[in-house]
Amino acid sequence: MNTQKKVGLVLEGGSMRGMFTTGVVDTFMDENIHIDGIIGVSAGALFGPNYYSKQRGRALRYSKRFCKDRRNMSFWNFLFTGNLVSKQFAYYDITLKYDLFDNETFMKNNTGYYATATNVETGKAEYLEIKDIIKEMETLRATAAIPFVCQIVEVNGKKYLDGGVGDSIPVLQAKKMGYDKIIVVLTRPIEYRKKPLSSFMMKLCQIRYHKYPEFIKAMEQRYQDYNDTVEMIQNMEKNGEIFVVRPSEPITLKTIERNPDNLQKVYDLGIKDCKKVIHQLKEYINS
């Protein structure tokens, strides 16, 4: 008797490097790769909902359309609102007005969608389930709230910042949630490792988040946690426990990327690198 295996998808963040993730996820749609649950971090969590809404190309489309628009992401926003990424325009206006998100289809197909956010009071990652993108937009803002350049986001009375601080690549969480087959989409090539924050940035962190000592500890430890996780992922990959899709070359997009052609190139790289391994991915899922 065959038992149905649950397939989980883990999406790393990385700001506009998420265009690589978008190319991969769009290829999953083209190839009818069935996913039972998605755990996204930061940009991964922002672009991932389009899988359940079946809106191939949407994330690339609005990213290219508004990459030069200061209302979307800019230091102008930061100076006047405290948020590098505009709350109203980037999250609500684009979703509800300029490039409509198909929330009805998302809710119909959603079999488990989680955004990773870091609780600033505990310094720990939390995995917040999203059932309705429109009603729970603040959860998406929380997972992608970049330290220093975004304000703390409150969700259900708790204070959050970027999920990548607490858990950049939540593979172990996917296992805890009971997914039998886990696909991990990374936005860094295999040789990449994080470096510690500079002493200047740590001092800035201590000043900016002096009320949240556990968050400061998480920021200081982040590089080591990330590097340990990457090593663990490589071992799990070798043992056939997980399947990893990663960029075949470094992605050099800026946090605020103004060139739509650069976004297109990274998206195309995601499609190319995913197509190279799609046969092996299907074998892994069906094994």
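Everything discussed here concerns the structure shown above.
As the structure is a prediction and not an experimental result, all values here were calculated from the model.

What counts, and at which threshold
Residues numbered from 1 in each chain as written. Predicted model: local features only at pLDDT ≥ 70, side-chain atom pairs only at ≥ 80, totals over all residues. Heavy atoms only, no water. 1 Å grid on protein atoms, 1.4 Å probe; cavity = no way out; pocket = protein on both sides within 12 Å on 5 of 7 lines; lining within 4 Å. Points joined across faces, edges and corners; volume = space filled by probe spheres on them. Helix = DSSP H or I, 4+ residues; strand = E, 2+ residues; numbered from the N terminus. Nonpolar A, V, L, I, M, F, W, Y, C, P; charged D, E, K, R; others polar. Disulfide = S-S within 2.5 Å. Buried < 20%, exposed > 50% of the residue type's maximum accessible area, 1.4 Å probe, protein only. Contact = heavy atoms within 4.5 Å. Core = buried A, V, L, I, M, F, W, Y, C linked by side-chain atoms within 4.5 Å. Patch = residues over 30% accessible without salt bridge, like charges linked within 9 Å, V, L, I, M, F, W, Y side chains within 5 Å. Areas by Shrake-Rupley, 256 points an atom, 1.4 Å probe, with all protein chains shown as cover. Salt bridge = Lys/Arg side-chain N within 4 Å of Asp/Glu carboxyl O. Polar contact = N/O pair within 3.5 Å; in protein donor to acceptor, adjacent residues only side chain to side chain.

## What about the layout of surface pockets?
Working step 1: Estimated volume of the second largest pocket: approximately 500 Å³.
Working step 2: Lining the second largest pocket are 26 residues; nearest its centre among them are Ala125, Tyr127, Gly166, Asp167 and Asp225.
Working step 3: Those elements that place two or more of their residues in the lining of the second largest pocket are strand 4 (125–129), helix 9 (163–166), helix 10 (171–176) and helix 12 (213–238).
Working step 4: When residues of the lining of the second largest pocket are assigned to their parent elements, the largest contribution, 10 residues, is made by helix 12.
Working step 5: When the residues that make up the lining of the second largest pocket are grouped by side-chain class, the tally is 10 nonpolar, eight polar and eight charged.

## Describing the state of the cysteines
Working step 1: By the definition in use, this model includes zero disulfides.
Working step 2: Left without a disulfide partner, Cys67 is nearest to the cysteine sulfur of Cys150, which lies 18 Å away.

## Points about helix 4 (residues 58–66)
Note: α-helices contain 3.6 residues per turn, so residues at a spacing of three or four share the same orientation.
Working step 1: Taken together, the buried positions of helix 4 are Arg58, Ala59, Leu60, Tyr62, Ser63 and Phe66.
Working step 2: Next to the buried residues of helix 4 lie helix 1 (18–30), helix 2 (43–47), helix 3 (49–53), helix 6 (87–98) and helix 13 (260–286).

## Considering the nonpolar core
Working step 1: Counting 77 residues, the largest nonpolar core has Leu9, Phe28, Ile183 and Leu281 as its most contacted members.
Working step 2: With 10 residues, helix 13 is the single largest residue contributor to this core.
Working step 3: Excluding residues within four positions of it along the chain, Phe28 makes contact with Leu9, Ile33, Tyr51, Ile183, Cys274, Ile278 and Leu281.
Working step 4: Judged by nonpolar contacts, the second largest core, of 16 residues, contains Tyr114, Val171, Ala174 and Val244.

## Focus: a nonpolar patch on the surface
Working step 1: Side chains of Trp76, Leu79 and Phe80 sit close together on the surface and give an oily, nonpolar patch of about 390 Å² of accessible area.
Working step 2: Inspection of the secondary structure puts Phe80 in helix 5 (residues 75–81).

## Some thoughts on the environment of Lys5
Working step 1: One can find Lys5 in the segment before strand 1 (7–11).
Working step 2: With relative accessibility at 34%, the residue Lys5 sits in the partly exposed group.
Working step 3: When residues no more than four places from it in sequence are discounted, the contact partners of Lys5 are Asp36, Asp180, Lys181, Ile285 and Ser287.
Working step 4: From its side chain, Lys5 meets the backbone oxygen of Ser287 in a polar contact 3.4 Å long.

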